[in-house]
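Below are the chains, spelled out letter by letter.
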Amino acid sequence: MAVSVLVARVGGPEIQGRFSVFKSINDFQVAFLTFGLPSGVVYYLNKKNFGDALFFKLAFIFSFVLCFPLILLDYALIGYMFSPGDGLTSAVISAVCIGVGSSAMVGYSIHRGIILTKTDGDLFSLITITPSLLYLLLLPISVLIGFAPISSAYFIVGIVSIVISTTLTKSMMTDHTFSDIRGIDWRIIFSQARHVFLQ
């Protein structure tokens, strides 16, 4: 909410409108495309106590696979917001920034789930608040100095968040071997994930 007020104050109604659309697209994609997997991963790791290295790797694969389709989808969703004077480049850059940012945040969410199985103290709180703090800093600054499209903040936040979560997750993993994917009881994960996803 604070970011929204700052963006409206600094950028005016047109920028506020773009911000609202970009934020809605990003938030929906991250919430929808995690499919409740972070909760399923937390549940599974707490129950079975192995497989964290596999989920660590799968978070990257899943994020990478989502990246290109999200860029195309985002271009279809936001292309109308740009006038011919803005040029095709602005719409493409915005779609790439939001698509890559959203797919990185999906990986971050799964890593965050792994971190929760290791600690739920200050470190987990810091990881959880990192994207919000980055948005609070980057969005008003990008509007104020106009160094790049407002969508670039989503790209930066996604990349920084997944880099931080990757570093912390890797340092906390107990199972450093990449387990065989067939050794995972996916029914447990999808059952838990489905409940969270439907909520």
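Rules and cut-offs
Along each chain, the written sequence defines residue order, and numbers are assigned to residues from 1. With the structure being a predicted model, the display of local features is reserved for residues of pLDDT at least 70 and the display and counting of side-chain atom pairs for 80 or more, all residues being used for whole-chain, interface and lining totals. Water and hydrogen atoms were dropped before computing side-chain values, which therefore reflect all heavy atoms in the structure. Numbering of helices and strands runs from the N terminus; a helix is a DSSP stretch of H or I covering at least four residues, while a strand is a stretch of E covering at least two. Categorising residues by exposure relies on relative accessible area from a 1.4 Å probe, with only protein chains included: less than 20% of the type maximum marks a residue as buried, more than 50% marks it as exposed, and the intermediate range marks it as partly exposed. Every residue pair with non-hydrogen atoms within 4.5 Å of one another is taken to be in contact. Method for areas: the Shrake-Rupley scheme with a 1.4 Å probe, in which residue coverage is limited to the protein chains shown. For every residue, the predictor states its confidence as a pLDDT score lying anywhere from 0 to 100. Residues belong to a common nonpolar core when they are buried Ala, Val, Leu, Ile, Met, Phe, Trp, Tyr or Cys residues joined through side-chain atoms within 4.5 Å. Between the N-to-C directions of two axes lies an angle of 0 to 180 degrees, each axis being a line fitted to C-alpha atoms and, for a helix, fitted only over the stretch in contact. When describing relative orientation, an angle under 35 degrees is termed roughly parallel and one over 145 degrees roughly antiparallel, while 65 to 115 degrees is termed roughly perpendicular and anything else oblique. Take the far helix as the reference: if the near one is turned anticlockwise from it by less than a right angle, the crossing is left-handed, and if turned clockwise, right-handed. Residues are grouped as follows: Ala, Val, Leu, Ile, Met, Phe, Trp, Tyr, Cys and Pro are nonpolar; Asp, Glu, Lys and Arg are charged; every other residue, Gly included, is polar. Two distance rules govern patches: like charges are joined within 9 Å, and nonpolar side chains (Val, Leu, Ile, Met, Phe, Trp, Tyr) within 5 Å, applied only to residues with over 30% relative accessible area and no salt bridge. Each reported salt bridge corresponds to a side-chain nitrogen of Lys or Arg within 4 Å of a carboxyl oxygen of Asp or Glu.

## Looking at the overall build of the protein
When its secondary structure is counted, the protein shows seven helices and zero strands. Helices (α) and strands (β) of the protein occur, in sequence order from the N terminus, as α-α-α-α-α-α-α. Relative to its full complement of 199 residues, the protein shows a buried share of 46%. A sequence separation of at least 24 residues applies to 81% of the contacts in the protein between residues at least 6 apart. Total accessible area on the protein is roughly 10,300 Å²; 68% of this is exposed by carbon and sulfur atoms.

## A few points about the confidence of the model for the protein
Averaged over all residues, the pLDDT of the protein equals 77, while 81% of them reach at least 70. At the low end of the mean pLDDT range in the protein sits helix H7 (residues 186–198), at 72; at the high end sits helix H6 (residues 152–172), at 87.

## Notes on the nonpolar core
Ranked by internal contacts, the top residues of the largest apolar core, which has 23 residues, are Leu139 and Tyr154. Listed by contribution, the elements that provide at least two residues to this core are helix H1 (2–33), helix H4 (87–118), helix H5 (122–145) and H6. A total of seven residues in this core trace back to one element, the largest contributor, which is H5.

## With respect to the packing of helix H2 (residues 37–48) against helix H3 (residues 52–78)
Where H2 contacts H3, the axes come no closer than 11 Å and their chain directions differ by 170°. When the axes of H2 and H3 are compared, the pair comes out roughly antiparallel. Between H2 and H3 the crossing geometry is right-handed. Of the residues in H3, those touching H2 at Leu37, Val41, Tyr44 and Leu45 are Asp52, Phe55 and Phe62. Taken together, the residues of the contact of H2 with H3 break down into six nonpolar, no polar and one charged.

## Description of a nonpolar patch on the surface
A cluster of nonpolar residues, Leu126, Ile129, Leu133 and Leu136, forms a patch on the protein surface that exposes about 330 Å² of accessible area. Along the chain, Leu126 falls in helix H5.

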